[in-house]
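Observations on the model geometry
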Amino acid sequence: MPPDTLLKTPLHARHAAAGARLVPFAGWEMPVQYEGVIPEHRAVRTDCGVFDVSHMGELHVEGPTAHELLQGVLSNDLERIGDGEAQYTLLTNERGGIVDDLIAYRVDPNHYLLIVNAGNREAAYAWLKERELRGSEVRDASDEYALLAVQGPRALERLGLPDARPFTHAMGEVGGVEAMVNRTGYTGEEGCELMCAAEDAEALWDAVVAAGAVPCGLGARDSLRLEVCYPLHGNDITPDTDAISAGLGWTCALAKEFTGVEELRRIKEAGPERKLVAFTMDEKAVPRQGMTIAGGGTVTSGTHSPTLDQGIGMGYVPAARAAPGTELTIDVRGKDRAATVVPKPIYKREES
Amino acid sequence: MAASEDYPEGLKYHAEHDWARIDGDEAVCGVTWFAQEALGELVHFEAPEAGATVTKDASYGEVESVKAVSDVIAPLSGEILEVNQKVVEAPETVNEDPYGDGWLIRIKLSDPTEVDALLDLGAYKQVLEDS
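Residues numbered from 1 in each chain as written. Chains lettered and ligands numbered in written order. Predicted model: local features only at pLDDT ≥ 70, side-chain atom pairs only at ≥ 80, totals over all residues.

Overview of the domain arrangement of chain A
All names here are of chain A. For the record, the criterion: Domain limits in this description derive from either an automatic procedure or a database domain assignment. In this description, a residue-residue contact is defined by the distance between C-beta atoms placed from the backbone, which must lie within 7 Å. Only DSSP runs of H or I with at least four residues qualify as helices, and only runs of E with at least two residues qualify as strands; both kinds are numbered from the N terminus onward. Residue polarity follows a fixed list, in which Ala, Val, Leu, Ile, Met, Phe, Trp, Tyr, Cys and Pro are nonpolar, Asp, Glu, Lys and Arg are charged, and the others, Gly among them, are polar.
If you check the domain split of chain A, you get domain 1 (3–55 + 144–227) and domain 2 (273–352). The gap between the C-alpha centroids of domain 1 and domain 2 is 28 Å. Each side of the interface is counted separately: domain 1 has 10 residues, and domain 2 has 11 residues. When contributions to the side of domain 1 that touches domain 2 are tallied by element, the ones reaching two or more residues are α2 (37–46) and α7 (218–227). Per-class residue counts for the side of domain 1 that touches domain 2 are two nonpolar, three polar and five charged.

Printed below as a string of structure tokens:
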């Protein structure tokens, strides 16, 4: 796609002015790094970083049958959350494959906000729109909002926000800007995601940076999420992979009826043929998406872990080779490299 | 600490963003400031073995950052006399000092006349301007 057709977030000028390296991502021109992936990664693990994730999609689902609509298309059970709470869940297809993974925020019983992946915004919207019930309406409001992920052990303190349980949300104010404060994220750290009106994006960004958050790009976002084994849609999970094989069975309420549930029950009952495992490299080598794992496996995500200073990744392997401790051989550009299956997450924050 | 942009006089350059410091029939080779800046902080140098042969314009190793991997192109042909173990152990040395401690290999030239085909500083800067 030529650069001039790439979409730009409301913070694009801020990124350009800060000297960020901008790259195409899911149809958007996004910052991949500012000062560097490694210092940005470390800032989030030790203090606080801010990511512009305004490219993500926001879908409002409203009306007296909004809850019923979503219960039929999302894998997790929305009965488990109340107003002001949120839930990680999957939009599934008839084959039990994953159309998108998303977080559903319950505003009230007649109003949910879904924050979906940038690359799946149209697909998720179309999927839901086609299945609208009488008394429910799905609206793509993505262009109305900016979304800033402020992540790290000092994120809430730096923003002057009260502590709150993970997977809750409330309206709040940062630097005079009103925002929906979501206690969610994609880094494995404490922190929040701030959703504000698009026209307030620069004021909110400036306030967050002034509070000491280090601007971070998509490079650090990827290395952070992979250390904690959060799947990336398009890499680790796709419309052709199911939640059970991906280790996301915990997001599937198999006792309720939703799209693809029969297939997921069957896979659960029979046991998946392959599983998404996490691994660390035993040698100096960096695994990358698409590399072959000997014995019938594929790397779906790989990077160098700045925290562990070694190659890490996730990939699908035959179920018999999925137990932690299993030795794997990965073809790293023509050379066999040894890796070992490890429990997820690969990196776990020390409880304070 | 990353180095500031710099392309020293006295080196020979290759358009794939490599440099060579010629000393008689030997050369020390590495990647330019531009190359390390484009990749970001290096986390891995997939190094060749000493004794291996390198061929001008062909890859002899790989350098990787968190996000990306890139082949390293040999500016000249010859036999590898030494691999910089400091870079193998601490790849970020290349970012800190691309023309000094961050050198990659030392080679014995098999055809010293190949040097004539390399770029001088002015010609390499033209490559950078055009890229």
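On we go.
Considering the interface of chain B and chain A
Opposite the nine residues of chain B that make contact, chain A presents 13 residues. Those elements that place two or more of their residues in the side of chain B that touches chain A are β4 (42–46) and β6 (59–65) of chain B. Its residues placed into classes, the side of chain B that touches chain A shows three nonpolar, three polar and three charged.

Looking at the sheet that holds strand β1 (residues 12–14) of chain B
All names here are of chain B. Keep this limit in mind: Only when DSSP finds a minimum of two bridges between them are two strands counted as paired.
Strand order in the open sheet formed by six strands is β1-β2-β3-β9-β8-β5, with antiparallel pairing between adjacent strands. The open sheet has two edge strands with one neighbour each: β1 and β5 (53–54). Bridge analysis of strand β2 (residues 18–23) against strand β3 (residues 26–31) gives six bridges, and the strand direction is antiparallel. Counterpart to arginine 21 in the pairing with β3 is valine 28.

Here's the deal with the nonpolar core
All names here are of chain A. We apply this condition: In this usage, the nonpolar core is the set of buried Ala, Val, Leu, Ile, Met, Phe, Trp, Tyr and Cys residues whose C-beta atoms join them within 7 Å. Around each residue's C-beta, the other C-beta atoms within 10 Å are counted; 20 or more make the residue buried, 12 or fewer make it exposed, and counts in between make it partly exposed. All C-beta atoms are placed from the backbone.
The biggest cluster of nonpolar side chains holds 129 residues, and the ones touching the most others in it are Ala104, Leu148, Val150, Leu194, Leu204 and Val208. Three or more residues apiece are contributed to this core by two domains, here domain 1 (3–55 + 144–227) and domain 2 (273–352). Beyond its immediate stretch of four places on either side in the chain, leucine 194 contacts Leu148, Val150, Val174, Ala179, Val181 and Leu204.

Considerations on the sheet that holds strand β6 (residues 98–108) of chain A
Remark on secondary structure: sheet strands pair via backbone hydrogen bonds, oriented parallel or antiparallel. Residue and element names in this part refer to chain A. Going by this rule: The axes used here are C-alpha line fits, helices contributing only the stretch in contact, and every angle between their N-to-C directions lies in the interval 0 to 180 degrees.
One open sheet holds the five strands; their spatial order is β5-β6-β7-β4-β8, and the pairing between them is antiparallel. With one partner strand each, in any of the chains shown, β5 (86–92) and β8 (137–140) form the two edges of the open sheet. Sheet twist, expressed as the mean angle between neighbouring strand axes with direction ignored, is 30°. With five bridges joining them, β6 and strand β7 (residues 111–116) adopt antiparallel strand pairing.

Details of the pairing of strand β9 (residues 105–109) of chain B
Residues and elements named next belong to chain B. Here β9 shows a buried face lined by Ile105, Ile107 and Leu109 and an unburied face lined by Arg106 and Lys108. Of the pairings in the sheet, the one linking β3 to β9 comprises four bridges and is antiparallel in character. Within the sheet, the bridge partner assigned to valine 28 lies in β9 and is arginine 106. Taken together, the five bridges between strand β8 (residues 78–83) and β9 define a ladder with antiparallel strand orientation. Its bridge partner being in β9, glycine 78 is matched across the sheet by leucine 109.

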